[in-house]
Amino acid sequence: MSYKCKRILVTFVLGLFIAIAVIGWRWNPDVNLFHQLCNGFFVPGVLLLGSGGLKVARNAGTFDMMVYGMDAALRITLPWVMKEKKDADFVAYKDRKQEERKPAYDLLIAGAMHMALAMILLVVYSVTT
């Protein structure tokens, strides 16, 4: 099994644990089983897709200026706490960070699978009621 498949599988299993926790926490014997399963799979779907979206935004450099500015502000106000400056300017900082970033495919694929399960369960619930 490839590294990508392992990451997707681990993330999907993490989502399953979240789904089990949500279903267990919100269990009500009076509510339809498919309704509860739909709710249970919807929560990890939203969490994983949201986390993946934020990771995609981070990989695109959306938050780089904010982090660089906070680092510079802390370096000026608390020079004894902050370590030696690694990058002379923002462009060097952005280039260094771009090399360290990992893709967000595992979060997005696992979240989409959980969301697809939630949609299927929603259709089944709609048909059975």
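Before any of the text, the structure's been laid out above.
The rules behind these values
- Positions within a chain are numbered from 1, following the residues in the order the chain's sequence is written.
- Given that the model is predicted, a residue must reach a pLDDT of at least 70 before its local features are reported, and side-chain atom pairs must reach 80 or more before they are shown or counted; all residues, however, enter totals for whole chains, interfaces and linings.
- Hydrogens and waters are ignored; side-chain quantities use all the structure's heavy atoms.
- All axes here are fitted lines through C-alpha atoms, helices being fitted over the stretch that makes contact, and every angle between N-to-C directions spans 0 to 180 degrees.
- Helix numbering and strand numbering both begin at the N terminus, where a helix is a DSSP run of H or I of at least 4 residues and a strand a DSSP run of E of at least 2.
- Small angles under 35 degrees read as roughly parallel and large ones over 145 as roughly antiparallel, with 65 to 115 read as roughly perpendicular and the rest as oblique.
- The hand of a helix crossing depends on one turn: near helix anticlockwise from the far one by less than a right angle means left-handed, and clockwise means right-handed.
- Throughout, a residue-residue contact means that at least one pair of heavy atoms, one from each residue, lies within 4.5 Å.
- Under the grouping applied here, Gly and all other residues not named as nonpolar or charged are polar, the nonpolar ones being Ala, Val, Leu, Ile, Met, Phe, Trp, Tyr, Cys and Pro and the charged ones Asp, Glu, Lys and Arg.
- The rule is short: rings of Phe, Tyr and Trp, with Trp giving its six-membered ring, pair when the centres are within 6.5 Å, and they are stacked under 30 degrees, edge-to-face over 60, tilted in between.
- Here's how the labels work: a residue is buried when its accessible area is under 20% of the maximum for its type, exposed when over 50%, partly exposed in between, all with a 1.4 Å probe on protein chains only.
- Counted as over-ring charges are cases with an Arg CZ or a Lys NZ within 6 Å of the ring centre that also lie within 35 degrees of the ring normal.

A.B. asks: For this particular structure, what's the right way to read the packing of helix α1 (residues 3-25) against helix α2 (residues 33-59)?
C.D. replies: Each pair of packed helices can be described by the angle between their axes along with the distance between the axes. Taken N-terminus to C-terminus, the directions of α1 and α2 make an angle of 135°; their axes are 8 Å apart at the nearest point. As the angle between them shows, α1 and α2 are arranged oblique. Helix-helix and strand crossings are classified by hand; for α1 and α2 the assignment is right-handed. In this structure, α1 uses R7, T11, G15, L16, I18, A19, V22 and I23 to contact α2, whose residues at the interface are Q36, L37, N39, G40, F41, V43, P44, L47, L48 and K55. Split into classes, the residues belonging to the contact of α1 with α2 amount to 11 nonpolar, 5 polar and 2 charged.

A.B. asks: Help me out: how do you make sense of the environment of W25 in this one?
C.D. replies: Looking at where W25 falls in the secondary structure, it is placed in helix α1. Spatially, the C-alpha atoms of W25 and G40 are 9.6 Å apart, while their sequence positions differ by 15 residues.

A.B. asks: Honestly, the packing of aromatic side chains in this entry has me stumped. Any pointers?
C.D. replies: Aromatic ring pairs are described here by two measures, namely the spacing of the ring centres and the angle between the planes. As enumerated under the stated definition, the model contains 3 aromatic pairs in all. Ring plane angle 65° and centroid distance 5.5 Å describe the contact between Y68 and F90, whose orientation is recorded as edge-to-face. Of the two residues, Y68 sits in helix α3 (residues 64-77) while F90 sits in helix α4 (residues 90-100), which places them 22 residues apart along the sequence. What makes Y68 buried here is its relative accessible area of 14%. Positioned above the aromatic ring of Y105 is the side chain of K4, whose terminal nitrogen or guanidinium carbon lies 5.5 Å from the ring centre. Over the aromatic face of W25 sits the side chain of R26, whose NZ or CZ is 5.9 Å from the ring centroid.

Remember, this is a structural readout, not a statement about activity or role.
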